[in-house]
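Residue strings, one per chain:
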Amino acid sequence: MKKIASLLVLISIGALTSPPALSSGSILAGKGINPRDAYTRGKALTFQKLVCADCPLQSGNLDRTRAESLKASLEARDALEKPGTPDDEYILVLCPGNRGTDCDSEVDEQELVHYYLTRRFKL
């Protein structure tokens, strides 16, 4: 009995002193996506749907300034007033945008791209 009590105390102390494992932002809330997967998926979506030969942005056009513009559009996606950047229209190809394709999944592609851009360009 003493061993069980000691074990419970050690587990409690460990739970109280260890930092939260998933404290990087809203990307993880209820979605079960860890930060590494979110970054990887956001990067893939960025270069599949936003920056490619047949995409709204051409390869080589994604720099820090454009990433800031995309970030502003993604953050204001649900706002009544948009920031007024050309990227307001471009993000609509990402689910749940109205020009997104195959949006039956529960993954918010706009949030994943936002996560990638903020980490990649340190925004």
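Residues numbered from 1 in each chain as written. Predicted model: local features only at pLDDT ≥ 70, side-chain atom pairs only at ≥ 80, totals over all residues. Heavy atoms only, no water.

**Quick word on the side chain of D108**
Relative to the helices and strands, D108 is located in the loop between α4 (87-90) and α5 (109-120). Here R77 takes part through its side chain, which lies 2.6 Å from a polar atom of the side chain of D108. A distance of 3.1 Å separates a polar side-chain atom of D108 from the backbone nitrogen of Q110. (Helix = DSSP H or I, 4+ residues; strand = E, 2+ residues; numbered from the N terminus. Polar contact = N/O pair within 3.5 Å; in protein donor to acceptor, adjacent residues only side chain to side chain.)

**Side note on the state of the cysteines**
The tally for this structure, following the rule as stated, stands at two disulfides. Note on cysteine connectivity: C52 is disulfide-linked to C55, with sulfurs 1.7 Å apart. Because the torsion about its S-S bond is 75°, the bridge between C52 and C55 counts as right-handed. C55 matches C52 in its accessibility class, with the two residues each being buried. Shown here is the disulfide that connects C95 with C103, its sulfur atoms set 2.0 Å apart. Where C95 bonds to C103 through sulfur, the torsion about that S-S bond is close to -85°, and the disulfide is left-handed. Residue C103 is classed as partly exposed on the basis of its relative accessible area of 31%. (Disulfide = S-S within 2.5 Å. Buried < 20%, exposed > 50% of the residue type's maximum accessible area, 1.4 Å probe, protein only.)

**Details of helix α3 (residues 64-75)**
In this model α3 runs 16 Å from its N-terminal to its C-terminal C-alpha over 12 residues, within 8% of the 16 Å that 1.5 Å per residue would give. Every buried residue of α3 is listed here: A67, S69, L70, K71, S73 and L74. (Expected span 1.5 Å × (residues − 1).)

**Let's talk about the nonpolar core**
Ranked by internal contacts, the top residues of the largest apolar core, which has 19 residues, are L50, L62, L70, L74, L94, V113 and L117. Those elements giving two or more residues to this core turn out to be α2 (35-50), α3 and α5. Tallying contributions element by element places α5 first for this core, with five residues. V113 has contacts with G42, L45, T46, L50, L74 and L94, leaving out every residue within four places of it along the chain. (Core = buried A, V, L, I, M, F, W, Y, C linked by side-chain atoms within 4.5 Å. Contact = heavy atoms within 4.5 Å.)

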